[in-house]
Amino acid sequence: MVAGRENGAARKTLLSTVEAPPRALSPAAERLRARFDGSPLGDRVEVRDLDLPTVEVAPDDWPAVARFLRDDPECRYDLFIDLAGVDNAKRPGRPTRFEAVFHLHSVTRDEHVRAKVLLPDGAEPRLPSVVEVWPAANWFEREAYDLFGFDFPGHPNQRRLLCHDAFVGHALRKDYSPGQRWFFAEEDLRMPAWAMDTEEKAGHFETQTISIGPSHPATHGIVHLVARLNGERITRAETQIGYMHRCFEKMSETHTWNQVIPYCDRLNYVSAMINGVGYVRTVEKMLGVEIPDRGRLARTILSEFSRIMDHCVNIGTNLVDIGGLTNFWYLYQPRESIYGLLEACCGARLTVSYVRVGGLAIDVPEDFVARSRALLESIPKFVDDVERLVTRNRIVRNRLGGTGVVSKEQAIAWGFTGPMLRASGVAYDVRRSRPYDFYDRFDWDVAMATDGDNFARYLVRLEEIRQSLKIIRQALDVFPASGPVNSDDWHVVLPPKDAVYHDMESLIFHFKLIMEGIRVPSGERYEWIEGANGELGFYAISEGGAGPYRLKPRPPCFPMMAAFEHMIVGSTVSDAIATLGTLNVIAGELER
Amino acid sequence: MSGVIDVGARVSRKLTLSERLYLPGILQGMAVTMRHFLRNLFAIRRLPTILYPEEKRDYSGRFRGKHILTTRDDGTLKCVACYMCAEACPAECITIVAGEHPKISYEKYPVVFDINMLRCVYCGFCVDACPKDAIWMTRNYELAFFNRKEAIFGIDKLVAKPGLPVKDGVGYRPYYPGDGTRPPGDSSSSPVIPGDGERAKLREKGLDLHHTEGPGPLNAPSPAAKAERDRKAG
C-alpha cells in the first residue's frame, strides 16, 4: 500500500515536469519493442510498459499492426480478449481524448498484451475495423460504436448493440448526462436489414423469418434471435441483445470503489462470488494491498463452490432444454446447499457482496470448514447420479453429440475462453496459465476435450466440478483455523467495529473511508481471473479519485453469444436451443 | 499444479448395443429416479423443499433482510444522523434529515430516516458504515407492498421492537469479537489495539508520533462510570 501510494505521488510529480525519464522496459515489453523494430512498423508504434506490455498506435496504422500482432511468429496474439473505449475528457495528461484499448492473448505463448489506438482530436473518432483479423472483434466494436460513438469503417454490421435503436448520443462519453431518458416504442425496433429484405422473404413457402425471443423459455434471459428458416434448418441468424443493459460501467464511474461490489454481483449472478473476487483483485493490485492467507483461501473456496454452482445450473438447464428434467432437480440440490453456505458467510444467497477491497466483509463463520467438508461429501453423489443418467444415454448423445461443433481454430478466432474453449481442444485456463491466489500450489487438472461439440462441453463442465471439489479439499486442509481475513491497512479496509466505537483514531479512518472512499493511485490495470464461463477481466482506470474513472469488465460470455449466430447456421432450431444452453450465456454479464 | 486431462478421450463415443436399444437405458434411469423417490418418500422430513409459507427457511444469523434502527435503553434511537450510511449506500436509498436533540448529550438525532425498500439492494453497506451500531439488518425477508409509497419505510416502521433476540442472531449486524453479542460501550476485553498497524507504518516512515503514542488502556472507564458499574454490581 505504502509503495503504491508513493508510486502514485511520484507519477504526479513526473507529469508536472517537462519530460519523463525513459524507464527500462520489462523483458516482455522489450521483446515486443525489438520485434517491432525489426519490422517495417517499427517507427509507427510506441511500446510502453504498464502492467502489461502496451503498444500505442495511430488509427491509420492499426490494421497493419493488428495483423502483425496476430501473425508474427514471436507475437501470435490470436485470441481477442477485449476492447474498451476510453474517454479522456476529464483525464489531463493524455495525448488524445479518445482511446480504443484492446487486450489480446496469445494461446501459444500464454501471454497478454494491450494495444491502444489513439484517436486524434478534432475529427470524429474513427478507426478501421479489425473484424477480418479477429472475428471476435465484431460485437466489441459494435459496443464501442454504441457507447462511445467510435466509427469503424469496414465493419460488416455497425449497429447499436446494448442501447436501443431510439437512443440518442453515446452513453459512456464523459459529456453524456446520465439523467437523460430515451423512450423506446415498438415501432422503433430495428430488425436486421436482411430480415426485412423482400427478395429474401419471397420464394418457397417453407422459407420464413421468425423471431425466437426476446421472452422465450429457451433463451434463459432475454435474448432476441432473428432466424431465417428453410424448413427446420436455420439458414441465417442474428442475435439482438440489450434488453438487460443496466449501465454497469456508467454507474461505476459515479460510485466509489467499494460501492461497485454490489453491482459486480449482478454481472454473472449464477456465480456472483467470482465476479466480486475478480473486481477487488484489480483494485487491490492497483493499491498494492496484500490479503492474509485466510482471506484469500476463503475467497478461493467460495469461488470454487460458485464455479460448481454455475456448472450445475448450466448442465441442469441445458438438459431441461433438451427434455431431461430430472437432472435439474439433482443438480439444484448441491446448489441449494452451497447457497446455504454462502448465506451463512455473508447473509445473502445470490447477491453475496461478500468481498471487500482488502479482504472480506466479515470473517467466515465458525463452522465454515465443517460445513464445507460436509458439502464435499454430498455434492459428488448428485454429480454421479447425473453422470449415470446422462453420459451414456442415447437420447442425450443424439441431441448433444455432433451438434454445435466449434473447431479449435474457430474457437480461438471467435474469442472463446473457459469451458467452451477447452472443449474445443485448447487447454487455456487462467488458473493454470497465470496462477493467482494459491492455484499453483494445489494439485488439479485442467479438463479439456477435442471434439468441440455440445457433448464435449458437458463433459468438460462435469469434470470441472470434480476438479473444483479437489481444489476445495486441498484449500480446506491448509485453511488457517484463525487469523485475520482482512488487510490491516486502514486506508483501505474498515477498522474493526470494536475499535471504531471506542477509539478516536479508528473512527477517523472509518469516517474517511466511508465519506471519501479508497484513494487508488492513478494508473490503469487489467486483471483477469478464470470465471465460471471463461476469462473474466476487469480493466480499471483510476485518476486518484474516490471511484473508478473507467471500469470495463470483460464478460466471458460476450464473444460466445456473438458467435452464436454463426454456430447455428445449418443446424435445426432444436439443435440451436441445445447449443445456446451449452454456451452458458448469462444475460446480466452479457449486457452489464 | 498438475496436468491436463482429456475428458473427451476418456468417454467412448461409441455406445454399446444395450445402450443403443434404449430400453436398458430407460430402466437404468428409472432405477436412479426410483432410488431418489423412495429415499424421499421414507425420509420426508429431510426433503430439500419446504412448505412455505407454513414453514420458513431457517436463515443464518447474518441474513441481510429488512433494516431496523436500534434504540438506547431509554427508547431513543441510537442514530446520530451522521449520514454515513446514506453516503455508503450504493443504491442511494436512505434519506436522513437531522435535528437537534433536546438532550444535550445526544446532540443530534434523525427527524426523518427513510429507506426505500424497493431501491435497496440489501448489500449491508449501511450496517458496515454505521459508527454507532444504530442500524442492523434482520432476518425478515417478507417485504411485499401494494404500492411504491408503501415501500418507503420511515422511523415508525424501522425502529426496533423491544425484546429483540440478540443472542440467536437477529441478522446482519456489526460483528463483534468474542461471543458476538457484546454491544459498544463495554469493550474492556477487546483483543484489538486500535491503530496499531498504522502507527507502526508511520514510524517506519520516520514520522514523529509522540502526540499520539500508545493507545493506552482501551476505553478505560471514567472513575464516575466505574463507580456506577461497581454500584450496579453491588
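Just so it is clear, the structure is predicted and the values come from calculations on it, not from any experiment.

Caption draft 1: Broad picture of the overall build of chain B. A count of helices and strands for chain B gives 8 helices and 6 strands. Along chain B, from the amino end to the carboxyl end, the secondary structure elements read β-α-α-α-β-α-β-β-α-β-β-α-α-α. Split into buried and exposed, the 234 residues of chain B put 24% on the buried side. Considering only contacts within chain B whose residues lie at least 6 apart along the sequence, 70% involve residues at least 24 apart.

Caption draft 2: Just the interface of chain B and chain A, in detail. Contacts between the two partners involve 53 residues from chain B, matched on the other side by 59 residues from chain A. If you list the elements that add at least two residues to the side of chain B that touches chain A, you get β1 (4-6), α1 (7-10), α2 (17-20), α3 (23-42), α4 (84-88), α5 (125-129) and α7 (196-204) of chain B. Per element, the largest residue contribution to the side of chain B that touches chain A is 4 residues, and it comes from α3(B). Of the residues assigned to the side of chain B that touches chain A, the class counts are 29 nonpolar, 14 polar and 10 charged.

Caption draft 3: Structural context of the pairing of strand β12 (residues 523-531) of chain A. Residue and element names in this part refer to chain A. With 7 of its 9 residues buried, β12 lies for the most part within the structure. Pairing between β12 and strand β13 (residues 534-542): 9 bridges, direction antiparallel. When the sheet's bridge partners are listed, G531 is paired in β13 with G534. Hairpin connection of β12 to β13: 2 residues between the antiparallel strands.

Caption draft 4: Focus on α3(B). Taking 1.5 Å as the rise per residue, α3(B) with 20 residues should run 28 Å; its terminal C-alpha atoms sit 28 Å apart, in good agreement. Burial analysis of α3(B) places just 1 of its 20 residues in the buried class, a small minority of the element.

Caption draft 5: Representation of the sheet that holds strand β6 (residues 207-212) of chain A. All names here are of chain A. The sheet built from 3 strands is open, its strands ordered β6-β7-β8 with antiparallel pairing. With one partner strand each, in any of the chains shown, β6 and β8 (233-240) form the two edges of the open sheet. Recorded for the sheet is a direction-independent mean angle of 20 degrees between the axes of neighbouring strands. Sheet topology places strand β7 (residues 224-230) next to β8; 7 bridges connect them, and they run antiparallel. From the neighbouring strand, L229 faces β8, where its bridge partner is I234.

Caption draft 6: Layout of the sheet that holds strand β3 (residues 79-87) of chain A. Residues and elements named next belong to chain A. A sheet is described by the order of its strands in space; here 5 strands give the open sequence β1-β2-β5-β4-β3, paired in mixed fashion. Strands at the two margins of the open sheet, each flanked by one partner only, are β1 (45-49) and β3. Pairwise comparison of adjacent strand axes, ignoring direction, gives a mean angle of 20 degrees for this sheet. Alignment of strand β4 (residues 98-106) against strand β5 (residues 111-119), held across 9 bridges, turns out to be antiparallel. Its bridge partner lying in β5, S106 is registered against E111. Relative to β1, helix α2 (residues 27-37) is tilted by about 170 degrees, and along the sheet it contacts β1, β2 (53-57) and β5. Each of β1, β2, β4 and β5 touches helix α3 (residues 62-71); the most contacted strand, β5, lies at about 175 degrees to it.

Caption draft 7: Structural detail: the packing of helix α10 (residues 293-321) of chain A against helix α17 (residues 454-477) of chain A. All names here are of chain A. Two numbers describe how α10 lies on α17: the axes approach to 9 Å, and their chain directions differ by 160 degrees. Classified by the angle between their axes, α10 and α17 sit roughly antiparallel to one another. Every pair of crossing elements has a handedness; the one defined by α10 and α17 is left-handed. Note on element contacts: α17 touches α10 through Y458, R461, L462, E464, I465, S468, I471, I472, A475 and L476, opposite L297, T300, I301, E304, F305, R307, I308, H311, N314 and I315. For the contact of α10 with α17, the residue count by class is 12 nonpolar, 4 polar and 4 charged.

Caption draft 8: Inspection of unusual backbone geometry at higher detail. Residue and element names in this part refer to chain B. Cis geometry marks the peptide bond from Y52 to P53, where omega comes out at 5 degrees. Relative to the helices and strands, P53 is located in the loop between α3 and β2 (67-69). Within the chain, A81 stands out as a residue other than glycine whose phi angle is a positive 50 degrees. Tracing the chain through its elements places A81 in the loop between β2 and α4. A positive phi angle, close to 70 degrees, is found at Y83, a residue other than glycine. You can see Y83 is positioned in the loop between β2 and α4.

Caption draft 9: Seen up close, the domain arrangement of chain A. Residues and elements named next belong to chain A. Under the domain assignment used here, chain A contains domain 1 (42-148) and domain 2 (248-591). Here the C-alpha centre of domain 2 lies 27 Å away from the C-alpha centre of domain 1. With 21 residues of domain 1 at the contact, the number on the domain 2 side is 22 residues. Per element, the largest residue contribution to the side of domain 1 that touches domain 2 is 6 residues, and it comes from β3. Grouping the amino acids of the side of domain 1 that touches domain 2 by side-chain chemistry returns 13 nonpolar, 2 polar and 6 charged.

Caption draft 10: Region of interest: the nonpolar core. Of all hydrophobic cores here, the largest spans 213 residues; its most connected members are A:M561 and B:C126. Those residues within four positions of A:M561 in sequence are excluded, and the remaining contacts are A:T239, A:I241, A:L583, A:V585 and A:L590.

Caption draft 11: The arrangement of the pairing of β5(A) in detail. All names here are of chain A. Within β5, 8 of the 9 residues are buried, which leaves the element mostly enclosed by the surrounding structure. Note: β2 against β5, 4 bridges, orientation parallel. Counted as the bridge partner of E56 is K116 from β5. Two successive antiparallel strands, β4 and β5, enclose a turn made up of 4 residues, where D110 displays a positive phi of approximately 60 degrees.

Caption draft 12: Representation of α10(A) in the model. The first and last C-alpha atoms of α10(A) sit 42 Å apart over 29 residues, in line with the 42 Å expected at 1.5 Å per residue. Looking one or two places after α10(A), you find A:G323, whose phi comes out positive at around 105 degrees.

Caption draft 13: Looking closely at the confidence of the model for chain A. Residues and elements named next belong to chain A. Of the residues in chain A, 94% reach a pLDDT of 70 or more, and the chain-wide mean stands at 85. When mean pLDDT is taken per element in chain A, strand β14 (residues 550-554) scores highest with 92 and helix α1 (residues 2-16) scores lowest with 38. The low-confidence segment residues 1-21, where pLDDT is below 50, has 19 contacts with residues more than four positions distant or belonging to other chains.

Parameters and conventions
Residues numbered from 1 in each chain as written. Chains lettered and ligands numbered in written order. Predicted model: local features only at pLDDT ≥ 70, side-chain atom pairs only at ≥ 80, totals over all residues. Helix = DSSP H or I, 4+ residues; strand = E, 2+ residues; numbered from the N terminus. Buried ≥ 20, exposed ≤ 12 C-beta atoms within 10 Å, placed from the backbone. Contact = placed C-beta atoms within 7 Å. Nonpolar A, V, L, I, M, F, W, Y, C, P; charged D, E, K, R; others polar. Pairing = 2+ DSSP bridges. Expected span 1.5 Å × (residues − 1). Axes fitted to C-alpha atoms, helices over the stretch in contact; angles between N-to-C directions. Parallel < 35°, antiparallel > 145°, perpendicular 65-115°, else oblique. Left-handed = near helix turned anticlockwise from the far one by under 90°. Domains from an automatic or database assignment. Core = buried A, V, L, I, M, F, W, Y, C linked by C-beta atoms within 7 Å. pLDDT = per-residue confidence, 0-100.

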